[in-house]
Every structure is written in structure tokens, then in C-alpha cells.
Amino acid sequence: MRRKRQEYYPEKESVNLFVVLGFLVFGFYFLNYPFKFISIPEFVSNYDSWIIFAGGVLLIFGVINYFQAKRR
């Protein structure tokens, strides 16, 4: 009886570019928010609470993915 060949290399997972860009945009926005390195236009400031809410949701998803990746 032959054994199955073991795979030593993990499968390549495709990274969704939009999710990565979303994390980067919200991360830079959160870094800029208290220190005001770059002036933010008024039309973006009108949606400030929604941006912070979406950033919080993305951070929670990032933590969940981090813990799921550690289990594998």
C-alpha cells in the first residue's frame, strides 16, 4: 500500500488587494487623525465618525484573521 505524498509547501492564498488597501488607508487616517500631519479636506471630515467606525470594523477583522492564521 502506497502512502500519500506529504505536501511540505503551504498552498498559496491570494490576497485581496482591496482589503489590503483598505487597511492601509484607514491605518494612515488613524495615524494622521490626532497629529494632523496632512490637512484633510472638509468633505472627508464630514464623514469622520463613519470612517472611524469602518476602521474599527477592519481592525476587528484583522484580529480575527490573525488568530485564525495562528491556528493553521
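Summarised in this report is the structure supplied together with it.

Calculation criteria
- Residues numbered from 1 in each chain as written.
- Predicted model: local features only at pLDDT ≥ 70, side-chain atom pairs only at ≥ 80, totals over all residues.
- Heavy atoms only, no water.
- Patch = residues over 30% accessible without salt bridge, like charges linked within 9 Å, V, L, I, M, F, W, Y side chains within 5 Å.
- Areas by Shrake-Rupley, 256 points an atom, 1.4 Å probe, with all protein chains shown as cover.
- Salt bridge = Lys/Arg side-chain N within 4 Å of Asp/Glu carboxyl O.
- Helix = DSSP H or I, 4+ residues; strand = E, 2+ residues; numbered from the N terminus.
- Buried < 20%, exposed > 50% of the residue type's maximum accessible area, 1.4 Å probe, protein only.
- Phe/Tyr/Trp six-rings, centres within 6.5 Å; stacked < 30°, edge-to-face > 60°.
- Lys NZ or Arg CZ within 6 Å of the ring centre and 35° of its normal.

### Considering a nonpolar patch on the surface
Nonpolar side chains collect at one region of the surface, where Leu17, Val20, Leu21, Leu24, Phe28 and Leu31 lie side by side and expose about 580 Å² of accessible area between them. Positionally, Leu31 belongs in helix α1 (residues 17-35). The class of Leu31 is exposed, set by a relative accessible area of 53%.

### Focus: the packing of aromatic side chains
In the structure shown here, the tally under the stated rule is four aromatic pairs. Ring geometry for Tyr29 versus Tyr33: centroids 6.1 Å apart, planes at 40°, classification tilted. Taken as a pair, Tyr29 and Tyr33 lie in helix α1 at a separation of four residues, close to a single helical turn. On the basis of relative accessibility, which here comes to 34%, the residue Tyr33 falls in the partly exposed class. Cluster of aromatic residues (ring-pair linked, three or more members): Tyr29, Phe30 and Tyr33. Its guanidinium or amino end placed over the ring of Tyr33, Lys36 lies 4.8 Å from that ring's centre, counting from NZ or CZ.

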